[in-house]
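# Observations on chain architecture
Chain by chain, the residues:
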Amino acid sequence: GGAVVVHAGVIPGTPLSDMTPRDITTMRSVSQSEDGSLTASALNHRSPAAEGGMRPWTDLWIGPETVIYGHDASTGLNIGPRLGGAG
């Protein structure tokens, strides 16, 4: 387990070492490609500009680390299994 503290979020299924500083500081959502891979997006999944299939990264995060984040405060407090943040 353990914990990871980031500004925005993480890409589920991607090692932290493979994420860019931009990913962990700007993302709000992820989009899934046809091959199943996830890509970080700074757009809120509810935004009119958001592409179909875009979801909050928090919906897909299962750990093992607990992620503490604070980027998307406009959507309210989100505390759940393996999550703690304003999102």
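Residues numbered from 1 in each chain as written. Predicted model: local features only at pLDDT ≥ 70, side-chain atom pairs only at ≥ 80, totals over all residues. Heavy atoms only, no water.

When its secondary structure is counted, the protein shows one helix and seven strands. Taken from N to C terminus, the helices and strands of the protein fall in the order β-α-β-β-β-β-β-β. Per-residue burial for the protein yields a buried fraction of 33% across its 87 residues. When contacts within the protein are restricted to residue pairs at least 6 apart in sequence, those whose partners lie at least 24 apart make up 36%. By element, 53% of the accessible surface of the protein is carried by carbon and sulfur atoms, the whole surface being about 5100 Å². (Helix = DSSP H or I, 4+ residues; strand = E, 2+ residues; numbered from the N terminus. Buried < 20%, exposed > 50% of the residue type's maximum accessible area, 1.4 Å probe, protein only. Contact = heavy atoms within 4.5 Å. Areas by Shrake-Rupley, 256 points an atom, 1.4 Å probe, with all protein chains shown as cover.)

On to the packing of aromatic side chains, then. Considering all chains together, one arrives at one aromatic pair under this definition. Plain terms: the ring middles of W57 and Y69 are 5.0 Å apart, the flat faces sit at 70 degrees to each other, and that makes the pair edge-to-face. Highlighted residues: W57 in the loop between β4 (55–56) and β5 (66–69) and Y69 in strand β5, separated in sequence by 12 residues. Given a relative accessible area of 2%, W57 falls into the buried group. (Phe/Tyr/Trp six-rings, centres within 6.5 Å; stacked < 30°, edge-to-face > 60°.)

Moving on, we come to the environment of I62. Looking at the element boundaries, I62 is found in the loop between β4 and β5. Look at I62 and you get exposed, because its relative accessible area is 72%. For the pair formed by I62 and P12, sequence separation is 50 residues and the distance between their alpha carbons is 7.6 Å.

In this section: the pairing of strand β3 (residues 38–41). In this structure, strand β2 (residues 29–32) lies alongside β3, joined through four bridges in antiparallel fashion. When the sheet's bridge partners are listed, V30 is paired in β3 with A40. Linking β2 back to β3 in an antiparallel pair, the connection comprises five residues, with G36 at a positive phi of about 95 degrees. (Pairing = 2+ DSSP bridges.)

Taken in spatial order, the three strands line up as β3-β2-β4 in an open sheet, and their pairing is antiparallel. Both outer strands of the open sheet, β3 and β4, are each paired with one neighbouring strand and no more.

Locating S41 in the fold gives a position in strand β3. Judged by its relative accessible area of 12%, S41 falls in the buried class. If sequence neighbours within four positions are ignored, S41 has contacts with T26, M27, R28, S29 and M54.

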